[in-house]
Amino acid sequence: MLRLAILSSGGGSNFQALIDASRQKKLGCFQPVLLVADRPCYALERAHEAQIEAELLDRREWKKTLSEELNSLLKSKNIDAVALAGWLSILSGSVLEEWKGRMVNIHPSLLPRHGGEGMWGMHVHKKVLESGDQESGCTVHHVVAKVDGGAILGQAKIKVCPDDTPERLAQRVLVQEHRLYPLILSQWSETL
Ligand code: GRF
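Everything in this summary refers to the structure shown in the same document. The structure presented is a predicted model; accordingly, all values stated were derived computationally and were not measured.

A short note on the pairing of strand E3 (residues 53-56)
The side chains of a regular strand alternate, residue by residue, between the two faces of the sheet.
Inference 1: Across 4 bridges, the pairing between strand E2 (residues 30-37) and E3 is parallel. Considered in E3, the bridge of Val 36 is made with Glu 55.
Inference 2: Regarding topology, helix H2 (residues 42-49) serves as the crossover connection from E2 to the parallel E3, and that connection is right-handed.

Printed below as a string of structure tokens:
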């Protein structure tokens, strides 16, 4: 099995979807073995419940050395691949080089539309509605220095409803994220 680390800053529903997929033997060669959070968040609770090791690298404490500290942690735990799932800290430097091709993210829009700095959470869904897009969805992509700029591994599309609010759109996209991420990670794990 390949040792998978998940990075989260929030509720961790994508992390939970990966835990559930793994339990159902639907995560391919990946075994979720580590949760890393950059702030106290509910994802840490989910890790505890699932008896998965969890580390809090508080961004307020590590500041500019967060990326380096994360790199050291991942190597010390013999991690094979990394899945960002609602991770909000921008990564930089050697961690991106050393994990190039082994680090992916899920973003709640159809990249390249509505990605980049500042495009996270409700900001994304508000932008989709303001832009008058007829469809939205989510994207799994490689993590590179350019935020949300890496090669795309897969996407799931949904129709935008005329009376959509950002909250309702977010909910429908999240359902697709929970389906897409395990599927793409499972396929990706066979290529590593
Ligand atoms: C999801 O919308 C994901 O696309 C984005 O952040 C959110 C994470 O939600 N990266 P959760 O913490 O997995 O519930």
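A few points about the pattern of salt bridges
Inference 1: The final tally for this structure, using the stated rule, is 8 salt bridges.
Inference 2: Taking the shortest distance from any N to any O, the salt bridge between Arg 39 and Asp 38 comes out at 2.8 Å.
Inference 3: Judged by relative accessible area, which is 0%, Asp 38 ranks as buried.
Inference 4: A salt bridge links Asp 163 to Arg 168; the nearest nitrogen and oxygen atoms lie 3.6 Å apart.

Some thoughts on the site of the ligand
Inference 1: Inspection of the region around the ligand gives Gly 11, Gly 12, Ser 13, Asn 14, Gly 86, Ile 106, His 107, Pro 108 and Glu 177 as its neighbouring residues.
Inference 2: Contacts to the ligand include Glu 177, whose side-chain N or O atom sits 2.6 Å from an oxygen atom.
Inference 3: The cavity that encloses the ligand is the largest pocket.
Inference 4: The residue makeup of the shell around the ligand, split by class, is 2 nonpolar, 6 polar and 1 charged.

Examining the packing of helix H1 (residues 13-23) against H2
Inference 1: Where H1 contacts H2, the two axes come as close as 9 Å, and the packing angle between them is 20°. When the interaxial angle is binned, H1 and H2 end up roughly parallel. Seen from above, H1 lies across H2 with right-handed handedness. On H2, the residues that touch Ser 13, Phe 15, Gln 16 and Ile 19 of H1 are Ala 43, Arg 46 and Ala 47.
Inference 2: Split into classes, the residues belonging to the contact of H1 with H2 amount to 4 nonpolar, 2 polar and 1 charged.

Procedures and definitions
Residues numbered from 1 in each chain as written. Predicted model: local features only at pLDDT ≥ 70, side-chain atom pairs only at ≥ 80, totals over all residues. Heavy atoms only, no water. Pairing = 2+ DSSP bridges. Helix = DSSP H or I, 4+ residues; strand = E, 2+ residues; numbered from the N terminus. Right-handed = clockwise from strand over helix to strand, strands pointing away. Salt bridge = Lys/Arg side-chain N within 4 Å of Asp/Glu carboxyl O. Buried < 20%, exposed > 50% of the residue type's maximum accessible area, 1.4 Å probe, protein only. Near = heavy atom within 4 Å. Polar contact = N/O pair within 3.5 Å; in protein donor to acceptor, adjacent residues only side chain to side chain. 1 Å grid on protein atoms, 1.4 Å probe; cavity = no way out; pocket = protein on both sides within 12 Å on 5 of 7 lines; lining within 4 Å. Sits in = over half its atoms within 2 Å of the grid points. Nonpolar A, V, L, I, M, F, W, Y, C, P; charged D, E, K, R; others polar. Axes fitted to C-alpha atoms, helices over the stretch in contact; angles between N-to-C directions. Parallel < 35°, antiparallel > 145°, perpendicular 65-115°, else oblique. Left-handed = near helix turned anticlockwise from the far one by under 90°. Contact = heavy atoms within 4.5 Å.

All we've got here are geometric facts, nothing functional implied.
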